[in-house]
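The primary structure of each chain is shown beneath.
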Amino acid sequence: MSGKAGPVGLMLLLILVIWYAGAVYLNAPRLIDGYERSDTEWTFSQLTDDAWAMERPILPAPHQVLVELNKTIFGKKITSKRSLIYHSWVTISSTLLGFVLGTSLGMLLAVGIVHVKALDKSLMPWVIASQTIPILAIAPMIIVVLGAIGLTGLVPKSIISMYLCFFPVTIGMVKGLRSPDPLQLDLMRTYSSSTSQVFWKLRWPSSVPFLFASLKVAIAISLVGAIVGELPTGAQAGIGARLLVGSYYGQTIQIWSALVMASILAGLLVALVGVAEKFVLRRMGVAQTGGAG
């Protein structure tokens, strides 16, 4: 328990126990009603077994979701429209494009806000205010407007992802670019350093840890934006499309398998950003310095 495996395993076990109990609690009323209509005598053990084996449960049991994941990941060709790998790739494509666009926009805005006081006072409030609009409200408008000018498919979903993920990058980069100690800035001025020299030799290295912390949040939000962008379009492919089809036909197991797949993808993307962070910081000498300290 002193390491990571024990606490993580304990939390997973707790989640599974609550999940299985919740499946019985939520599915029981429908089953009991069926027993009463057919005058069937039942026991709690039978109720539990039936609650964990319903074809269209209100809350599927974990093993039902695992069976669906196994069937749609390993039991289907990756080119099949019933494969979660196929749908995941569609969503990941718009996620990565939106992440790149949002990161670029966020870094550009942060540099402008830090170096131009007028932008700091005028632009920063708008950046914050932009996140007060629910994405479910603005996503259909983005889809309609971009569709009117001929932009469909990947681009609208990427724009929605960009809209969500630029904010944490902007805030993190502003914090990072302003993180150098005033004494360090005074020393750079004493050396008659130009603005670009101060940026590349002091502000940028100081902002890198803040940037990667923001990127971990941004990549996960970008995935959410891509999924949300698939909902109002009635997309035929993507994790959002799987959620739509599952909701139309009452396939709750399919819905939950898509949600679990989305969480797995988010975890993998965040882990990849973490690997990139370790590599970059090691190249910058941060890891070696920390070890020596």
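Look a little higher up for the structure.
In this report, the structure presented in the accompanying data block is examined. All of these numbers come straight from a predicted model, not from anything done at the bench.

Looking now at the side chain of Ser161. Here Ser161 shows up in helix 7 (residues 154–177). Beyond its immediate sequence surroundings of up to four residues, Ser161 is in contact with Ser94, Thr95, Gly98, Ser222, Gly225 and Ala226.

For helix 3 (residues 62–73), built from 12 residues, the straight-helix expectation of 16 Å at 1.5 Å per residue is met to within 8% by its first-to-last C-alpha distance of 16 Å. Structurally, helix 3 contributes buried residues whose contacts are with helix 1 (5–37), helix 4 (84–115), helix 10 (239–248) and helix 11 (252–283).

To continue, consider unusual backbone geometry. Located in the positive-phi region is Asp39, a residue other than glycine, with phi close to 55°. For Asp39, a relative accessible area of 69% puts it in the exposed group.

This part is about the layout of surface pockets. A water-sized probe, rolled over the atoms, reveals where empty space remains. Approximately 620 Å³ is the volume found for the largest pocket. Breaking the lining of the largest pocket down by element, the ones donating at least two residues are helix 3, helix 10 and helix 11. Of the residues in the lining of the largest pocket, the class split is 7 nonpolar, 7 polar and 7 charged. Approximately 200 Å³ is the volume attributed to the second largest pocket. Taken together, Leu12, Ile15, Leu16, Trp19, Pro62, Val65, Leu66, Leu69 and Val260 form the lining of the second largest pocket. Where the lining of the second largest pocket is concerned, the elements lending two or more residues are helix 1 and helix 3. A breakdown of the residues in the lining of the second largest pocket according to their chemical character gives 9 nonpolar, no polar and no charged.

Reading the values: rules and limits
- Starting afresh in each chain, residues are numbered from 1 along the sequence in its written order.
- Only residues with pLDDT of at least 70 are given local features in this predicted model, and only at 80 or more are side-chain atom pairs given and counted; all residues enter the totals for whole chains, interfaces and linings.
- Excluded from the side-chain calculation are hydrogens and water; included are all heavy atoms of the structure.
- The numbering of helices and of strands both runs from the N terminus, where a helix is a DSSP run of H or I of at least 4 residues and a strand a run of E of at least 2.
- Note on contacts: a residue pair qualifies if any of its non-hydrogen atoms lie within 4.5 Å across the two residues.
- Here, expected helix span is obtained from the residue count minus one, scaled by 1.5 Å.
- Only protein chains enter the accessibility calculation, which uses a 1.4 Å probe; a residue whose area is less than 20% of its type maximum is buried, one above 50% is exposed, and one in between is partly exposed.
- The method works on a 1 Å grid over the protein atoms by themselves. A cavity is a set of points holding a 1.4 Å probe that cannot get out, a pocket is an open set with protein on both sides within 12 Å along at least five of seven lines, and residues with an atom within 4 Å of a point line them.
- Grid points are joined across faces, edges and corners, and a volume is the space filled by probe spheres set on the points.
- The residue classification treats Ala, Val, Leu, Ile, Met, Phe, Trp, Tyr, Cys and Pro as nonpolar and Asp, Glu, Lys and Arg as charged. All others, Gly included, are polar.

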